[in-house]
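In case you want the letters, here they are:
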2 protein chains.
Amino acid sequence: MDDWKRLIRDVPDFPKPGILFRDITPLLGSPQALGEVVAAFAERYKSRGITRIVAIESRGFIFGAPLALHMGVGFSPVRKPGKLPAKTVSVTYDLEYGEGTLQMHEDAVTKVDRVLVIDDLLATGGTAEAAARLVTTCGASVAEFAFVIELDFLKGRGRLDKVAPVHSLIRY
Amino acid sequence: MDDWKRLIRDVPDFPKPGILFRDITPLLGSPQALGEVVAAFAERYKSRGITRIVAIESRGFIFGAPLALHMGVGFSPVRKPGKLPAKTVSVTYDLEYGEGTLQMHEDAVTKVDRVLVIDDLLATGGTAEAAARLVTTCGASVAEFAFVIELDFLKGRGRLDKVAPVHSLIRY
């Protein structure tokens, strides 16, 4: 974890003044570190009966796709409105200012699926909670939420663990 | 390839009337097919001296990340404006109506890098050409463009192959 933290770049005042952004692009530039992150998730989930990875656009795709391959399960994207071409389910959720909407194909998961919801970063948890609602709307269950980074001070864990357990690799 | 085509869903009139959208989400739902696609790229590029995968947001991430891991090279994202937190290079390019802009971190590639630019689909080639300009602006060279799907009738290949060779797995 300390090695991974050395590959996360702190960018002050992004996207706005006062926010310290945790930039994962140096970690993505290291195939060793990216491989370790994916392997750490795969090790945790190898005996949990996960049948599907649901990844949140767009940085969640970077971790979710290799993890799905590593685990030998299908990958389903959760995207912003208007991107998915077939029949979708939608959920609207509160953001700091205003609202956000996420969509998933209605055939992306089925009633028998035990889903791992993955994203790069857990902040307030609103986005991941919305993704979980898409999963349950389609009749599947959320086995766990997985994040590379968790920002403890934003307390997203307390919001999500009412839905499913939360696991993160790197905490600030 | 025929097996892969069975996992690409045709969605008529998306995103607007008259457009036949090639939906890759069924392919993503098959770990076998997704693994074959990544392995096919990895086989082609194993002896080409590629040092970096540059993937275009956001479906390019789904193929680019596992390919980078498979090849043991770094992954760099090209994103829409305002998403990347550190110093970026930008390029603006023509779209069917209006303009698009893409950004990449200026330290995403270096002068010694031989880059594979990857996206899920080649249409007119404008986005991939813009990504290549980001790569060359940073002093690196584009070894090849890789796509899962190519739409021949949009003639993107003719535009891109002035910059670097073009390789696609599935053609329509």
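Here the residue numbers are simple positions, counted from 1 along each chain's written sequence. Labels are handed out in written order, letters beginning with A for the chains and numbers beginning with 1 for the ligands. This being a predicted model, a pLDDT of at least 70 is required before a residue's local features are given, and a value of 80 or more before pairs of side-chain atoms are given or counted; all residues contribute to the totals for chains, interfaces and linings. Processing note: side-chain calculations cover all non-hydrogen atoms of the structure and skip hydrogens and water entirely.

Some details on the interface of chain B and chain A
- The contact definition used throughout considers only heavy atoms, calling two residues in contact when any of these lie within 4.5 Å. Each partner contributes residues to the interface: chain B has 34 residues there, and chain A has 34 residues.
- Reported buried area values correspond to the accessible surface (1.4 Å probe) lost by two parts on association, with both partners' losses combined. Taking both sides of the interface into account, the surface hidden between chain B and chain A amounts to around 2,700 Å²; carbon and sulfur atoms contribute 67%.
- One side-chain nitrogen of Lys or Arg within 4 Å of one carboxyl oxygen of Asp or Glu is enough to make a salt bridge. The tally of links between chain B and chain A comes to 2 salt bridges.
- Of the charged contacts, one joins Arg-9 of chain B and Asp-107 of chain A as a salt bridge, the two residues approaching to 2.7 Å between their closest N and O atoms.
- Distance and chemistry together define a polar contact, namely a pair of N or O atoms within 3.5 Å, with one atom able to donate a hydrogen and the other to accept it when in protein, and with adjacent residues in sequence counting only for side-chain atoms on both sides. For the pair chain B and chain A, the number of links is 12 residue pairs in polar contact (both at pLDDT 80 or more).
- For the side of chain B that touches chain A, the elements supplying multiple residues, two or more each, are β1 (9-12), β2 (20-23), α2 (25-28), α3 (31-45), α4 (59-71) and β4 (74-78) of chain B.
- Ranked by residue count, the leading element in the side of chain B that touches chain A is α4 of chain B, at 6 residues.
- Lys, Arg, Asp and Glu make up the charged group, whereas Ala, Val, Leu, Ile, Met, Phe, Trp, Tyr, Cys and Pro make up the nonpolar group; the residues left over, Gly among them, are polar. For the side of chain B that touches chain A, the per-class residue count stands at 18 nonpolar, 8 polar and 8 charged. In DSSP terms, a helix is any run of H or I states spanning at least four residues, a strand is any run of E spanning at least two, and both are numbered starting from the N terminus.

Looking at the sheet that holds strand β8 (residues 141-150) of chain A
All names here are of chain A.
- Note on pairing: DSSP must find at least two bridges between two strands before they are called paired. The 5 strands are arranged β4-β3-β7-β8-β9 in an open sheet whose pairing can be described as parallel. Every other strand in the sheet has two partners, leaving β4 (74-78) and β9 (166-171) as the edge strands with one partner each. Strand-to-strand, the axes of this sheet are offset by a mean angle of 20°, without reference to chain direction.
- In the sheet, strand β7 (residues 114-122) pairs with β8 via 8 bridges, with the strands oriented parallel. Bridge pairing in β8 places Val-117 opposite Phe-145.
- With respect to the sheet, helix α3 (residues 31-45) is in contact with β7, β8 and β9, its orientation differing from that of β8 by roughly 150°. Axis definition: a line fit to C-alpha positions, over the contact stretch in the case of helices; interaxial angles, taken between N-to-C directions, run 0 to 180 degrees.

A short note on the environment of Glu-96 of chain A
- In this structure, Glu-96 of chain A sits in the loop between β5 (88-94) and β6 (99-105).
- With 44 residues separating them in the primary sequence, Glu-96 of chain A and Arg-52 of chain A have C-alpha atoms 30 Å apart.

Section: the environment of Phe-75 of chain A
- If you trace the backbone, Phe-75 of chain A turns up in strand β4.
- Sequence spacing of Phe-75 of chain A and Val-54 of chain A is 21 residues, and the spatial spacing of their C-alpha atoms is 6.0 Å.
- Excluding its chain neighbours within four sequence positions, the residues that come into contact with Phe-75 of chain A are Arg-52, Ile-53, Ala-55, Phe-61, Gly-64, Ala-65 and Ala-68 of chain A together with Leu-28, Gly-29 and Ile-62 of chain B.

A few points about the pattern of salt bridges
- Taken as a whole and judged by the stated rule, the model has 28 salt bridges over all chains.
- One salt bridge in this structure joins Arg-157 of chain A and Glu-150 of chain A, with 2.7 Å as the shortest N-O distance.
- Exposed residues in this analysis have more than 50% of their type's maximum accessible area, buried residues have under 20%, and partly exposed residues fall in between, with area computed by a 1.4 Å probe over protein chains only. By relative accessible area, which is 24% here, Arg-157 of chain A ends up partly exposed.
- Residue Glu-150 of chain A is classed as buried on the basis of its relative accessible area, which comes to 3%.
- Of the charged contacts in the structure, one is a salt bridge between Glu-57 of chain B and Lys-83 of chain B, with a shortest N-O distance of 3.4 Å. Of the two residues, Glu-57 of chain B is situated in the loop between β3 (52-56) and α4 and Lys-83 of chain B in the loop between β4 and β5 (88-94); the sequence distance between them amounts to 26 residues.
- We classify Glu-57 of chain B as buried; its relative accessible area is 9%.

Thoughts on the nonpolar core
- Residues grouped as a nonpolar core are buried Ala, Val, Leu, Ile, Met, Phe, Trp, Tyr and Cys residues, joined through side-chain atoms within 4.5 Å. The biggest cluster of nonpolar side chains holds 66 residues, and the ones touching the most others in it are Phe-63 of chain A together with Phe-63 of chain B.
- Dropping the residues within four chain positions of it, Phe-63 of chain A is found in contact with Ile-24, Leu-27, Leu-28, Leu-34, Val-37, Ile-118, Asp-120 and Val-148 of chain A.

Details of the environment of Val-163 of chain B
Residue and element names in this part refer to chain B.
- Among the structural elements, Val-163 can be located in the loop between α6 (156-160) and β9 (166-171).
- In this structure the C-alpha to C-alpha distance between Val-163 and Ala-146, which are 17 residues apart in sequence, comes to 13 Å.
- Among all residues touching Val-163, those that are not within four sequence positions of it are Ala-132 and Phe-145.

A closer look at the pairing of β7 of chain A
All names here are of chain A.
- The buried fraction of β7 amounts to 7 of the 9 residues, a majority that puts the element mostly inside the structure.
- The pairing of strand β3 (residues 52-56) with β7 spans 4 bridges and is parallel. By the bridge assignment for β7, Val-54 is matched with Val-117.
- Crossovers are described as right-handed under a simple rule: with the strands pointing away from the observer, the path leading from the first strand over the helix to the second runs clockwise. A crossover connection joins β7 to the parallel β8 through helix α5 (residues 126-137); in handedness this β-α-β unit is right-handed.

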